[in-house]
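Each chain is listed here by its residues.
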Amino acid sequence: MRTGWKAALTRTLVLGPLFVFIYLPVAVLVLFSFHDGMVPVPPFEGPSLQWYERLLSSDRFTNAAWASVVVALASSALATLLATLAAWGLARHRVPGRRWIEGLMLLPLAVSYLVVGLGLLVAFSAVGVGKSLWAAGIGHVVLNLPLAFVVVLGQFDTQQARLERAARDLGASESQVFWRITVPQLRSAILAAFLLCVTFSWDEFIVAFLLSAFDPTLPVVILSMLRTGLNPQTNAAGTLVFVLSLLAAVLFELLIKKRGPSEPTGR
Amino acid sequence: MTLAATATAPEQVAARRDARRGLLLTAPALLWCVVFFVLPFATMLVWSFYSGGGPGEGSLGLDNYRRFFTDASYTSALRYSLEVTLIVTVLSVLLAFPLAWAIATQVRPDRQRLWLMLAVLPFWTSYVVRSYAWLLVLSPDGVVNQTLMTLRLITEPLELSFHRATTVTGFVHFFVMLCTLTIYASLSRIDPRLQLAAADMGASGWQTFWRITLPLAAPGIASGAFLTFVVTIGDFVTPQILGGNNELLLPQIAMLQITRRGDIPMAAALSVVMVLCVSAAYLLLARWITGARR
Amino acid sequence: MKMSRFSPSASPSPLRRLTLALAACTAFIGLPAHAQETINALVWCDHTDEAFLKAFTAKTKIKVNVKDYEGTGTALSLIEQGKPGDWDVFVVDSTDVRSVVAKKLLAELDPKAFPMNDIPAAVRLPEYHVVGGKMYAVPQKFGYNAIAYDKTKVTAAQAKDINYVFGASAKNKIGIYDYYLPVIGQVAVALGKKPQDLKESDLPAIRAKLVEMRGNARMVGDVVTTQTALATGQISLLVGGGEYTVAGLMAEKPNLDWVLPDVGGIRWQQAIGVMADSKKKAAATQFVQYVLSPEGQAALATSSCYWGMPANSKAALTPAQKKTLRWDEQTAFIAKSFPYPSPSAALDKAMQDMWLSVVQKK
């Protein structure tokens, strides 16, 4: 790894244009959320907070934000719980057909969200269950399971196995080994998995669109806003979502500082 | 991993109990997967073989699939989807690699995570709104055209919106960030001693890169590419907002069937086609994704 | 060393997380604890303004859930995907009321409950809303799918000449509104046919003209995408656009305007009714009455999704709003426009297939 001016130059030449590309739409988005006019294009007039006022006084928006938070938290919590148990089961026990089980767990990740959503839509209507936030929540657990599973499974390493074996040798029961050794070791991985799921669930559109009815989540309402009125209100919505997600990301950072570098996508 | 053939009875009993306990722990997750993913998928698969309103209304047969492969609107949608997805995957990886590499090698180790976070920050704006923001950025009155005109590089605004390139830009913007994460994960795990050793043995920087760095980064590249492929081919929002309905992709046609035509079996058939494409991609990339494991 | 990790610290155990999840779920159940009555309405996007709905809830304490659709076909899909009793109010195009009544979806309405006399005869049109002597829907709003354009890029003469959109000078300058019924209707009018009289044998000729038009189009889009495209200069002319596209934007973008082609344009009209299997017919009827009241009509006419003419001539609009809507020219407009086609199920399917094959280039 080089240091000094060569590194600085490489950094500027490579990272510069790429960062401009990455930040361009976000910068425009945030800037024009303060635009004093209906059509969010240059020249910029303002600044004005009218779109934020309108948005935050809109029941539809605040209800949808709340619905998104609830679905994200609940589905991520359940998915993380199930995934942790499954990862523990597969990593610390000799289960026949382990490869097949792992493959099955990862399958929803490999099949696109539209297929998952459509499958649930068809299945639910076949048994007469209506569209609702619950249905969307169930869909989100299906989508979150593989993510959480990958993250948690990746953290079962040999050092930990040695600690667990040592504990067992010293007479600890299975349950004690799990609660006193495994889970604390995995704490940051579990939290990372949970937050990763929350991030994906919070912004997930297609499954929520197909399966929810009158309690739509935020992305569904935002698309609906996009389809029913040309004004910077959607810019304001996007900016708010950004700020909230940012706070969650900062939280993620602070929480995993103890364990050391661990990338959100595991593998 | 298997027990020796000369295992004693108590060992066999212990092994069975171990397996049973493992299965018990895995059961809840598996059950959820089977009930809420496998069964619905199977139901959808069955529905795709019915024409008309579904089981009980239409007739059983390959009607939907036949319609798919004979109607130019559908086959062109498949072609467009594959073309766009491949272009997006290649471009995303090509742009993400230098970004990940620069962060992994040109930045101080203690600052790398910060730069990584900065690089993927826009990940967290609403996906829907971000696509819409690109439309505004690329419009004749938008930032790109206005800047180019102010710099006197062009006199008339360029037509940047409602092309395939617009959709590709929207996708690539998202997936560059995703691939940066996966590629960085692989790059940062490479033991620098391997690269030093290669240099000691006389390899040039280029050779070290091709023979050591790139192969070791392959799992990150492959998993990023696979994720990009899977998500792009199934995405409805980006082409809908940016494409101007000029080249309808598979997910858009599928959504048309669901919303406007109420033809769920046809939508199911389209989804099955999508899954087949994804499986093909997986079989191609599997070797590199799981390559370095064990 | 590693031993420090042995501390039985208070980690978020799975049990705690399960409790958190359950708590989150129960919090959600407890939140919208409305004991008030709620009705579900299936509507065009102009009924989704919150101020519009809140005014009704404030007066009657009835909450209205709305789901908007982009075309009658979508609305019917949504009804099919649900159960009887899912919907209470249905806003549907006047030209589709008869087929919806044939599907037994709408309930009979009592004309005396609504201000029928305030609706001009040209809009009241019993041939659409009255079946077998019974009234099933009340007209509530109308407007035009004609030509919306940018005055600085296309002249009024060009906009009024329907052949402009088929010609070479329009290449890459136009957009098409993504709704097959009015656009097919407009092409039919250009060919000298009446949209209401279309048969399957007319489709090939229409398709040929559509392909020509599509070849000149930069994009095909929904209400807001086409509005954005016109407002940001990506297209200069919108086929199927009308006052509904530009009226809300004209204050900020005075270069936008709309006009009926000389050969005639297409007129859209929405009606509102109560669903036959609704379990809250009284509440639904109250909502219909609100929509037809002078205040409701004024709000509907100037909704943020799209503007349009109110059916009730007593709508409480300001003079400026009436001017934007061209209130005084409506009689002339109605004379120069045709209603949407009302195709049979088979013809509708053929039209949709044709539309998809035209929109999807190549």
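Presented here is a report on the structure given in the accompanying data block. For every chain, the first residue of its written sequence is number 1, and the numbers climb from 1 along that sequence. Here chains are named by letter from A upward and ligands by number from 1 upward, in the order in which they appear as written. Per-residue local features are limited, in this predicted model, to residues with pLDDT of at least 70; the limit for side-chain atom pairs, both in listing and counting, is 80 or more; totals at the level of whole chains, interfaces and linings are taken over all residues. Values reported for side chains reflect all heavy atoms of the structure, with hydrogen atoms and water molecules removed beforehand.

Another aspect to go through is the overall build of chain B. Summing up its helical and strand segments, chain B has 12 helices and zero strands in all. Strands here mean DSSP runs of E at least two residues long; helices mean DSSP runs of H or I at least four residues long; both are numbered from the N terminus. Reading chain B from its N terminus to its C terminus gives the helix and strand order α-α-α-α-α-α-α-α-α-α-α-α. With the radius of gyration taken over C-alpha atoms, the globule rule is written as 2.2 Å times the number of residues to the power 0.38. Here chain B has a C-alpha radius of gyration of 25 Å; the compact-globule value for 294 residues is 19 Å, and the former is much larger. Dimensions of chain B, computed from the C-alpha atoms along their principal axes, are close to 80 × 70 × 30 Å. Each residue's exposure class comes from its accessible area (1.4 Å probe, protein chains only) as a fraction of the maximum for that residue type: buried when under 20%, exposed when over 50%, partly exposed otherwise. Counting only residues that meet the buried cut, chain B has 54% of its 294 residues in that class. We call two residues in contact whenever any of their non-hydrogen atoms come within 4.5 Å of each other. Within chain B, counting contacts between residues at least 6 apart in sequence, those at least 24 apart form 68% of the total.

Attention now moves to the interface of chain B and chain A. Across the boundary between the two partners, chain B contributes 92 residues, which contact 88 residues of chain A. With both chains or domains summed, chain B and chain A bury close to 8,000 Å², and 79% of this area falls on carbon and sulfur atoms. Note on definitions: buried area is the accessible-area loss of two parts on being combined, 1.4 Å probe, summed for both. Together, Trp-32, Gln-106 and Trp-124 of chain B form the three largest contributors to the area buried by chain B at its contact with chain A, with a combined 9%. Salt-bridge detection follows one rule: a side-chain nitrogen of Lys or Arg within 4 Å of a carboxyl oxygen of Asp or Glu. Taken together, chain B and chain A are joined by zero salt bridges. Take the side of chain B that touches chain A: its biggest share by element is 21 residues, from helix H1 (residues 9-47) of chain B. In terms of residue class, the side of chain B that touches chain A is made up of 66 nonpolar, 17 polar and nine charged. Asp, Glu, Lys and Arg are counted as charged, while Ala, Val, Leu, Ile, Met, Phe, Trp, Tyr, Cys and Pro are counted as nonpolar; the rest, among them Gly, fall into the polar class.

Residues and elements named next belong to chain C. In terms of burial, strand S6 (residues 138-150) is largely enclosed, as 13 of its 13 residues are buried. For two strands to be treated as a pair, DSSP must find at least two bridges joining them. Alignment of S6 against strand S11 (residues 265-274), held across seven bridges, turns out to be antiparallel. Of the residues in S11, the one forming a bridge with Val-138 is Ile-272. Alignment of S6 against strand S12 (residues 309-310), held across two bridges, turns out to be antiparallel. Across the sheet, the residue bridging to Phe-142 is Met-309, located in S12. Relative to strand S9 (residues 237-241), S6 is paired through four bridges, and the arrangement is antiparallel.

What follows covers the interface of chain B and chain C. Think of interface size as the accessible area that goes away when the parts come together; that is how it is often given. Taken residue by residue, the interface counts 28 residues in chain B and 31 residues in chain C. When chain B packs against chain C, close to 2,500 Å² is buried across both sides, 42% of that on carbon and sulfur atoms. The interface formed by chain B and chain C holds three salt bridges in total. A salt bridge links Arg-260 of chain B to Asp-178 of chain C, with the nearest nitrogen and oxygen atoms 2.8 Å apart. N or O atoms closer than or at 3.5 Å make up a polar contact, with two conditions inside protein: a donor-capable atom paired with an acceptor-capable one, and, for residues adjacent in sequence, both atoms drawn from side chains. Taken together, the links from chain B to chain C amount to 14 residue pairs in polar contact (both at pLDDT 80 or more). Put simply, the parts of the chain that give the side of chain B that touches chain C at least two residues each are helix H3 (72-105), helix H5 (127-138) and helix H11 (250-261) of chain B.

Each regular strand carries side chains that alternate between the two faces of the sheet. Residue and element names in this part refer to chain C. In the sheet, strand S1 (residues 37-43) pairs with strand S2 (residues 62-68) via seven bridges, with the strands oriented parallel. For Asn-40, the partnering residue across the bridge sits in S2 and is Asn-65. When the strands point away from the viewer, a crossover counts as right-handed if the path from the first strand over the helix to the second runs clockwise. With helix H2 (residues 50-60) bridging S1 and its parallel neighbour S2, the resulting β-α-β unit is right-handed.

Our focus in this paragraph is the packing of aromatic side chains. Describing an aromatic ring pair means giving the distance of the ring centres and the angle of the ring planes. Residue and element names in this part refer to chain C. To pair, rings of Phe, Tyr and Trp, with the six-membered ring standing in for Trp, must have centres within 6.5 Å; the planes then decide the type, stacked if under 30 degrees apart, edge-to-face if over 60, and tilted in the middle. By the definition in use, this model includes 37 aromatic pairs over all chains. With 5.7 Å between their ring centres and 90° between their planes, Tyr-179 and Tyr-180 make a pair best called edge-to-face. Its relative accessible area of 4% is what places Tyr-179 among the buried residues. Residue Tyr-180 is classed as buried on the basis of its relative accessible area of 7%. Through a chain of ring-to-ring contacts, the aromatic side chains of Trp-44, Tyr-69, Phe-90, Tyr-177, Tyr-179, Tyr-180, Tyr-244, Trp-268, Tyr-306 and Tyr-340 assemble into a single cluster. Definition used: whenever NZ (Lys) or CZ (Arg) falls within 6 Å of the ring centre and also within 35 degrees of the ring normal, the charge is taken to sit over that ring. Just above the ring of Phe-166 sits the side chain of Lys-209; from NZ or CZ to the centre is 4.3 Å. Across the ring face of Trp-327, the terminal group of Lys-322 is positioned such that the distance to the ring centre comes to 4.5 Å.

Turning next to the pattern of salt bridges. Between side chains of opposite charge, a pair can form as their charged atoms come close. All names here are of chain A. In the structure shown here, the tally under the stated rule is 19 salt bridges over all chains. The partner of Arg-98 in a salt bridge is Glu-102, with the nearest N and O atoms 2.7 Å apart. Separated by four residues within a single helix, Arg-98 and Glu-102 lie in helix H4 (residues 98-110), roughly one turn from each other. A relative accessible area of 23% means that Arg-98 is categorised as partly exposed.

What follows concerns the environment of Glu-159 of chain B. Checked against the element boundaries, Glu-159 of chain B lands in the loop between helix H6 (143-150) and helix H7 (164-189). Assessed through its relative accessible area of 37%, Glu-159 of chain B is described here as partly exposed. The spacing of Glu-159 of chain B and Leu-196 of chain B is 37 residues in sequence and 49 Å in space, taken between C-alpha atoms. Side-chain polar atoms of Glu-159 of chain B contact the side chain of Asn-172 of chain C, separated by 3.2 Å.

In this section: the state of the cysteines. Only a pair of cysteine sulfur atoms within 2.5 Å counts as a disulfide in this structure description. Taken as a whole, this structure holds one disulfide over all chains when the rule is applied. A sulfur-sulfur separation of 1.9 Å characterises the disulfide bridge that pairs Cys-45 of chain C with Cys-305 of chain C. With the S-S dihedral at roughly -65°, the linkage between Cys-45 of chain C and Cys-305 of chain C falls on the left-handed side. Of this pair, Cys-45 of chain C sits in the loop between S1 and H2 while Cys-305 of chain C sits in the loop between helix H13 (294-301) and S12, placing them 260 residues apart in sequence. Here Cys-179 of chain B is not disulfide-linked; the sulfur of Cys-277 of chain B is the nearest cysteine sulfur, at 19 Å. Under the relative-accessibility criterion, Cys-179 of chain B is labelled buried at 0%.

Okay, the packing of H7 of chain B against helix H9 (residues 205-233) of chain B next. Residues and elements named next belong to chain B. Angular values range over 0 to 180 degrees, each being the angle between N-to-C directions of two axes fitted as lines to C-alpha atoms, with helices fitted over their stretch in contact. At a minimum axis separation of 8 Å, H7 and H9 run at an interaxial angle of 150°. As the angle between them shows, H7 and H9 are arranged roughly antiparallel. Seen along the crossing, H7 lies across H9 with a hand that is right-handed. Taken together, the residues of the contact of H7 with H9 sort by class into 13 nonpolar, eight polar and no charged. Each angle is binned into one of four classes, with values under 35 degrees roughly parallel, values over 145 roughly antiparallel, values of 65 to 115 roughly perpendicular, and all other values oblique. Crossings are classed by handedness, with left-handed meaning an anticlockwise turn of the near helix from the far one by less than a right angle and right-handed meaning a clockwise turn.

All right, on to the environment of Ser-59 of chain B then. Residues and elements named next belong to chain B. If you trace the backbone, Ser-59 turns up in the loop between H1 and helix H2 (63-70). On the accessibility criterion, Ser-59 (44% relative accessible area) is partly exposed. Separated by 10 residues in the primary sequence, Ser-59 and Phe-49 have C-alpha atoms spaced 8.2 Å apart.

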